Amino acid sequence: MIGTPRELVLIAPRKIIIREYEERPLRPEEVRIKSILSAEKHGTMLVFYRGISPYEEKEFDPELGLFIKRKRKDIYPMPLGNMTVGEVIEVGSAVKRFRVGDRVYGYLPIKETHTVPEDKVWSAPPEVSNEELVCIDPATVALMAVREGHIRLGDKVAIFGLGAIGLMAVQMAKLSGAIFVVGVDPIEKRRKLAEEYGADVTISPHECDVGLEIKKMTGKGVDVALEVSGSYQALHQAIRATRYGGRIVPVSWYHGEAKGLFLGEEFHFNRQVLISGARVESEPYREYPLWDRKRVYDTVVELFRRKILTARGLLSPVVRLDEAVEAYKLIDEHPEKTIKLGIRYR
């Protein structure tokens, strides 16, 4: 065992600390895991990191499907991190699925050890690398977006936002038979990786009128646009870039006032379909019972296992836990230097 373990915690907007914690005794159905590699989910994390989440003043009622105002509730301290790969170092007396030494992964925060029920983690296939395992989450969201957009053989596609989800979507759009994929992002580092992943062309929204440029490239516009950046301006350009009768899939978690989105312009005239809800957690799916959450995850794991999908170059930067506080500042203040944050423990 390591010494007193440590974890990364958000205690207030833009204030992160690394603190020690004590592990409790293991229960019969639990496993103890030593972390190897973790990754963050930038879009969701930045909302909480910056203190602009709707959960600051509201709560979501799943029965009504509404956010409702409530008395302010402190949501801090909040663990950070999205997915973690680790090694089982201890098992409870009733555990059946795992043994000491097994490599596992799951939705686990950035901390050096985890004590969880055995059904909260999955066994790691030997063919899937640690880097690929912590990228399963962006890949599942990308798969949902591609399926919601009904991307098919011969389609032309635009992907706005080339973070982890957008980069996975580039690969999946090509796998689905798209004959033309354009990626849109202001960050050169991400555009270059998108081209390595199969994008036919990438453009920066800072250098041209994106909607007009894509219309010129494609003739009448793309059949499907996926908006993965979280920018209302990007959503507006996705609408402008899509042809008459085309489909737009907003994948991002948008926040604040919708500045830069003008639904009275192209969207009003071009009879387009706006498809929301490309969330893995929003069940049942439109394709249920053919597709459910288990099938989405199984499909992504199989794509990685067969080397049809890659996460090569996606984790950037990868830092030690001791460097994590500064790394979060980098994500917030210098996104041009990052794609998806990885935290290593060895």
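So, here's what we can say about the structure. (Residues numbered from 1 in each chain as written. Predicted model: local features only at pLDDT ≥ 70, side-chain atom pairs only at ≥ 80, totals over all residues. Heavy atoms only, no water.)

Comments concerning the sheet that holds strand E2 (residues 15-20)
Filter applied, for reference: Strand pairing follows a simple DSSP-based rule, namely that at least 2 bridges must link the two strands. Helix and strand definitions follow DSSP, with helices as H or I runs of at least four residues and strands as E runs of at least two, each counted in order from the N terminus.
Spatial strand order, E2-E1-E6: 3 strands in an open sheet with antiparallel pairing. Looking at which strands have only one partner, the edges of the open sheet turn out to be E2 and strand E6 (78-79). Sheet analysis places strand E1 (residues 6-12) next to E6, joined by 2 bridges and oriented antiparallel. Along E6, the bridge assignment pairs Val-9 with Pro-79.

Description of helix H3 (residues 136-148)
Put simply, the rule reads: By this rule the span expected of a helix is its residue count minus one, scaled by 1.5 Å. Think of it in three bands: with a 1.4 Å probe and only protein chains considered, a residue is buried below 20% of the maximum accessible area for its type, exposed above 50%, and partly exposed in between.
With 13 residues, H3 extends 18 Å from end C-alpha to end C-alpha; this agrees with the ideal 18 Å at 1.5 Å per step. In terms of burial, H3 is a largely internal element, 12 of the 13 residues being buried. Once H3 finishes, His-150 follows within two positions and takes phi at roughly 50°, a positive value.

Re empty space enclosed by the protein
Put simply, the rule is: Of the two site types, the cavity is a set of points on a 1 Å grid over the protein atoms alone where a 1.4 Å probe fits but cannot get out, and the pocket is an open set with protein on both sides within 12 Å along at least five of seven lines, each lined by residues with an atom within 4 Å of a point. Grid points are joined across faces, edges and corners, and a volume is the space filled by probe spheres set on the points.
Applying the stated criterion to the full structure yields 1 cavity of 30 Å³ or more. Reported here for the largest cavity is a volume of approximately 60 Å³. Every residue lining the largest cavity is listed: Met-144, Arg-147, Glu-148, Tyr-285, Arg-286, Glu-287, Trp-291 and Val-296. Among the elements that line the lining of the largest cavity, the one with the most residues is H3, at 3 residues.

Here's the deal with the packing of helix H1 (residues 42-49) against helix H10 (residues 324-333)
Note the threshold: Working convention: axes come from line fits to C-alpha atoms, limited for helices to the stretch in contact. Angles between N-to-C directions cover 0 to 180 degrees. In this scheme, roughly parallel covers angles under 35 degrees and roughly antiparallel covers those over 145, while 65 to 115 is roughly perpendicular and the rest are oblique. Contact definition: two residues touch when any of their heavy atoms are within 4.5 Å. Each residue is assigned to one class: nonpolar for Ala, Val, Leu, Ile, Met, Phe, Trp, Tyr, Cys and Pro, charged for Asp, Glu, Lys and Arg, and polar for all the others, Gly among them.
Their axes nearest at 11 Å, the elements H1 and H10 cross at an angle of 95°. Classified by the interaxial angle, the pair formed by H1 and H10 is roughly perpendicular. Between H1, through His-42, Met-45, Leu-46 and Tyr-49, and H10, the contact on the second element is made entirely by Tyr-328, Lys-329, Ile-331 and Asp-332. Class assignment of the residues belonging to the contact of H1 with H10 gives a composition of 5 nonpolar, 1 polar and 2 charged.

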